[in-house]
Amino acid sequence: MEFALILELSVNGIFIGLMYALVAAGLVLIYKTSGIANLAQGALAMMGAYVVWAISAQLGAPMWLAIPLGLIVMFGAGLLTERLALRRMIGQPVIMVIMLTIGIEIMLRGVLPGIFGAAVKKLDVGIPNDPLFIGDILINRATMIGGLISLALVALSIAFFNSRLGLMMRAVSDDQMASWSVGIRVDRAVAIAWGLSATMATTAGILWGSTQGVDWSLSLLLIKALAIAILGGLDSIPGVLLAGVLIGLAESLATGLLDPLVGGGTRDVVASVIILLTLLLRPHGLFGREHIERV
Amino acid sequence: MSLLVLNNVEVVYDSVFLAVKGVSLEVPKAGLVALLGANGAGKSTVLKSISGLLAAERGLVTRGQVTFDGEDMRVLDPPARVRRGLVHVLEGRHVFGHLTPEENLIAATSMHPDRAKVKRMVEEMFTHFPRLAERAKAQAGYLSGGEQQMLAIARALMTEPKLILLDEPSLGLAPFLVDEIFDIVRRINAVSGVAILLVEQNAVAALDLVETAYLIDQGRIVMSGTAAALAANPDIQDAYLGGAQKVDYHAVKHYRRRKRWLA
């Protein structure tokens, strides 16, 4: 096996992993504030990409305007989802809330292609497609830029959780009743988390949409994001970063090295195997916080 | 005029269960008042009707008035009540277990926009509660029960309250720790003039601390007066203070003395 091939697969895998991590960070953001795994995160990414495409292609806005507009629209969509659907579920069993998010996922996956047509839409955000050569290795320019943007956003969200507002969100995730009793507006904190999470999903949707086109399959990002969030620990943003890189690497190496031997398709197996192994061996994930029990 | 006035408050859970049946009580400015009673008498429910936290448990004040500082509280949500100076220290402490003590304190300052002031207040709390300063970098979930109770009280003080609703601070604590916590409560009341409404099952310790007390049984206030008067009452001594006279257990008949107010 040539060294250069492995290096090339690794570098590209890391960038792809970072792009997955951006979707996973949105999952973690909601889980950290309200304790719900939002299974509609992939659909939100898809919706964000559709919205940006619609603003630029249907309404004719230039891309530099369409992207910020799309982010704002999706922030509002996140707030609305929380306000109209999730807030009614306060006090209900967690399983019902999770079923609700699955319902939102299925609905969006059906409705959006229904409105805009099922054909793959081309979303050109102006990232050049020609590859970049560094020495012998070939790097996909689109995934490199996408990976770096994702890295910056995830780093930003780590900084956010150390700010005062982020601290209050962590307090809400620890104990909603106690947060309420000391004057934290719990409903507002949860709504902001949903808005920010939808914005992050949209960024991921735009980046992925620009590399593979916009259609319903963007919602499948959920599977990778879940694998990353579970491996990293559902409530740890640094965990998401490391797990994203690991899963990107594993996927890329599996595709490059195993596919020729078994006839293809290993890429999608990797995420599932990692979910399974993490849950069996380390249910809290790499960095997830453990339940504190005093004895 | 009193700081807090409850007038004939009635609380219903889940639209069917009447837990508090017309409770009236008053807490004067800078007063120290206890609400005593047995398990399930409705003590915590009364506190939650004052702080508004009933809403999280599908409870509702269906009748009566809750007036704090001359303002009707029933129309305000809990965070708004905290901003008026009414803070609730929950039973079982409820510290933010994965946050450090310092972060716990800062989390309770959403009403203070001034960061320098928050920083000053945190330092002040650490001088009042040196045990918390020692554990400032640990996760609060790993603190001892007494330390967690101190943290819960300190966190409530960060909201700059006029009245603290203190629910069962002695729960699960060793007797010497109960004394320490009650000393802290006394000091807060005396030094900073914060009024305190204390809910306790530990009637001996509570009557030693407060000026006036109310006794609640099955959702009704059945007795009220100065702490000394309540402590001297033979019914209270029998039911809550473990009996004052020595009892000859050979002579005791096999029924319990009936609580006279139930007649």
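Keep in mind that this is a model prediction, so the values were computed, not measured.

Conventions used here
- Residues numbered from 1 in each chain as written.
- Chains lettered and ligands numbered in written order.
- Predicted model: local features only at pLDDT ≥ 70, side-chain atom pairs only at ≥ 80, totals over all residues.
- Heavy atoms only, no water.
- Helix = DSSP H or I, 4+ residues; strand = E, 2+ residues; numbered from the N terminus.
- Rg over C-alpha atoms; globule rule 2.2 N^0.38 Å.
- Buried < 20%, exposed > 50% of the residue type's maximum accessible area, 1.4 Å probe, protein only.
- Contact = heavy atoms within 4.5 Å.
- Areas by Shrake-Rupley, 256 points an atom, 1.4 Å probe, with all protein chains shown as cover.
- Lys, Arg positive; Asp, Glu negative; His and termini not counted.
- Charge placed at Lys NZ, Arg CZ, Asp CG, Glu CD.
- Pairing = 2+ DSSP bridges.
- Axes fitted to C-alpha atoms, helices over the stretch in contact; angles between N-to-C directions.
- Patch = residues over 30% accessible without salt bridge, like charges linked within 9 Å, V, L, I, M, F, W, Y side chains within 5 Å.
- Salt bridge = Lys/Arg side-chain N within 4 Å of Asp/Glu carboxyl O.
- UniProt positions renumbered as here; feature names shortened; annotations may be inferred.
- Phe/Tyr/Trp six-rings, centres within 6.5 Å; stacked < 30°, edge-to-face > 60°.
- Lys NZ or Arg CZ within 6 Å of the ring centre and 35° of its normal.
- Buried area = accessible area lost by both parts, 1.4 Å probe.
- Polar contact = N/O pair within 3.5 Å; in protein donor to acceptor, adjacent residues only side chain to side chain.
- Nonpolar A, V, L, I, M, F, W, Y, C, P; charged D, E, K, R; others polar.

Colleague: How should the overall build of chain A be read in this particular structure?
Modeller: When helices and strands are counted, chain A shows 11 helices and 2 strands. Along the chain direction, N to C, the helices and strands of chain A fall in the order α-α-α-α-β-β-α-α-α-α-α-α-α. Taken over C-alpha atoms, the radius of gyration comes to 19 Å for chain A, in line with the 19 Å a tight globule of 295 residues would show. Along the three orthogonal principal directions, the C-alpha set of chain A runs to about 60 × 55 × 30 Å. Out of the 295 residues belonging to chain A, those deemed buried represent 53%. Sequence separation of at least 24 residues holds for 75% of the intrachain contacts in chain A that already meet a minimum separation of 6. Here chain A has roughly 13100 Å² of accessible surface; of this, 70% comes from carbon and sulfur atoms. Positive and negative side-chain charges in chain A, numbering 17 and 17 respectively, have mean positions lying 12 Å apart.

Colleague: Explain the sheet that holds strand β2 (residues 17–27) of chain B to me, please; I cannot follow it from the model alone.
Modeller: Backbone hydrogen bonds are what pair the strands of a sheet, in a parallel or an antiparallel way. Residue and element names in this part refer to chain B. On the basis of which strands lie adjacent, the open sheet formed by 4 strands has the order β2-β1-β4-β5 and antiparallel pairing. Two strands bound the open sheet, and with one partner strand each, they are β2 and β5 (71–72). One ladder, built from 2 bridges, connects strand β4 (residues 59–68) with β5; its direction is antiparallel. The residue bridging Phe-68 from the neighbouring strand is Glu-71, located in β5.

Colleague: Would you mind showing me how to read the sheet that holds strand β9 (residues 212–217) of chain B here?
Modeller: Residues and elements named next belong to chain B. Strands sit in the order β6-β7-β8-β3-β9-β10 across an open sheet of 6 strands; the sheet is mixed. Two strands lie at the open edges of the sheet, namely β6 (86–89) and β10 (220–226), each paired on one side alone. Strand-to-strand, the axes of this sheet are offset by a mean angle of 15°, without reference to chain direction. Helix α1 (residues 43–51) rests against β3 (32–36), β6, β7 (163–167), β8 (195–200) and β9 of the sheet, and its axis sits at about 150° to β7. Contacting β3, β7 and β8, helix α7 (residues 175–192) runs over the sheet at an angle of about 155° to β8.

Colleague: Help me out: how do you make sense of the environment of A:Gly147 in this one?
Modeller: All names here are of chain A. Structurally, Gly-147 can be placed in helix α5 (residues 141–161). A relative accessible area of 0% means that Gly-147 is categorised as buried. Ignoring sequence-local partners within four residues, the contact set of Gly-147 consists of Phe-15, Leu-18 and Met-19.

Colleague: Looking at this structure, I do not really get a nonpolar patch on the surface. What am I missing?
Modeller: Residue and element names in this part refer to chain A. Taken together, the side chains of Val-269, Val-273, Leu-276, Leu-277, Leu-280 and Leu-281 define a hydrophobic patch exposed on the protein surface, amounting to about 610 Å² of accessible area. Note that Leu-280 resides in helix α11 (residues 266–281). Classification of Leu-280 as exposed rests on a relative accessible area of 64%.

Colleague: What is the right way to read the UniProt feature "transmembrane region" (unreviewed entry) in chain A from this model?
Modeller: Residue and element names in this part refer to chain A. In the UniProt entry, the feature "transmembrane region" (unreviewed entry) is given for residues 6–29, 36–55, 61–81, 93–118, 138–161 and 189–210. Annotated as residues 36–55, this span is 75% helix and 0% strand, and its ends, taken at the C-alpha atoms, are 31 Å apart. For residues 61–81, the end-to-end C-alpha separation is 26 Å, with 90% helix and 0% strand making up the annotated structure.

Colleague: Mind showing me how you'd approach the environment of A:Leu138 here?
Modeller: Residues and elements named next belong to chain A. Tracing the backbone through its elements, the reader meets Leu-138 in strand β2 (residues 137–139). Residue class for Leu-138 comes out partly exposed when judged on its relative accessible area of 31%. As for Leu-138 and Arg-88, which are separated by 50 residues in sequence, their C-alpha atoms are 51 Å apart. Not counting the four nearest positions on each side in its chain, Leu-138 is found in contact with Glu-8, Asn-12, Pro-131, Leu-132 and Phe-133.

Colleague: What exactly am I supposed to notice about the packing of aromatic side chains here?
Modeller: Given two aromatic rings, their pairing is described by the distance between the two centres and the angle made by the two planes. Residue and element names in this part refer to chain A. For the coordinates displayed, the defined rule picks out 4 aromatic pairs over all chains. With 5.1 Å between their ring centres and 15° between their planes, Tyr-20 and Trp-208 make a pair best called stacked. Residue Tyr-20 is found in helix α1 (residues 3–34), and its partner Trp-208 is found in helix α8 (residues 186–212); the two are separated by 188 residues along the sequence. On the basis of relative accessible area, Tyr-20 is assigned to the buried category, the value being 2%. Taken together, a centroid distance of 5.6 Å and an interplanar angle of 65° make the contact between Phe-160 and Phe-161 edge-to-face. Taken as a pair, Phe-160 and Phe-161 share a single burial class, namely buried. Here the aromatic residues Tyr-50, Trp-53 and Phe-116 are joined through ring pairs into a cluster of three or more. The positively charged end of Lys-32 is found above the aromatic ring belonging to Phe-161, 4.9 Å away from the centroid.

Colleague: Explanation requested: the interface of chain A and chain B in the structure shown.
Modeller: Size of an interface: often given as the accessible area lost when the parts come together. Contact with chain A, which involves 21 residues of that partner, is made by 43 residues of chain B. Interface area, chain A with chain B, both sides summed: about 2600 Å², of which 61% is carbon and sulfur. Where chain A packs against chain B, one counts 2 salt bridges. Here B:Asp77 and A:Arg185 are joined by a salt bridge, their closest N and O atoms 3.4 Å apart. For the pair chain A and chain B, the interface holds 9 residue pairs in polar contact (both at pLDDT 80 or more). By residue number, the principal contributor to the side of chain A that touches chain B is helix α6 (residues 164–174) of chain A, which donates 6 residues. By residue class, the composition of the side of chain A that touches chain B is 9 nonpolar, 4 polar and 8 charged.

Colleague: Would you mind showing me how to read the pattern of salt bridges here?
Modeller: Any two side chains of opposite charge can pair, so long as their charged atoms come close to each other. Under the criterion given, the structure shown has 19 salt bridges over all chains. Here B:Lys48 and B:Glu57 are joined by a salt bridge, their closest N and O atoms 3.1 Å apart. Classification of B:Lys48 by relative accessible area gives buried; the value is 13%. By relative accessible area, B:Glu57 is classed as partly exposed at 33%. Between B:Lys162 and B:Asp69 there is a salt bridge, with its nearest N and O atoms 2.7 Å apart. Note that B:Lys162 is positioned in the loop between α6 (145–157) and β7 and B:Asp69 in the loop between β4 and β5, a separation of 93 residues in sequence. For B:Lys162, a relative accessible area of 37% puts it in the partly exposed group. Residues joined by salt bridges that share partners form a network here, namely A:Lys224, A:Glu251, A:Arg267 and A:Asp268.

Colleague: Which parts of the structure should I look at to understand the pairing of β7(B)?
Modeller: A regular strand places its side chains so that they alternate between the two faces of the sheet. Residues and elements named next belong to chain B. Within β7, 5 of the 5 residues are buried, leaving the element largely enclosed by the surrounding structure. Taken together, the 4 bridges between β6 and β7 define a ladder with parallel strand orientation. Bridge assignment links Val-87 to a residue of β7, and that residue is Ile-164. Sheet topology note: the β7/β8 ladder contains 5 bridges and is parallel.

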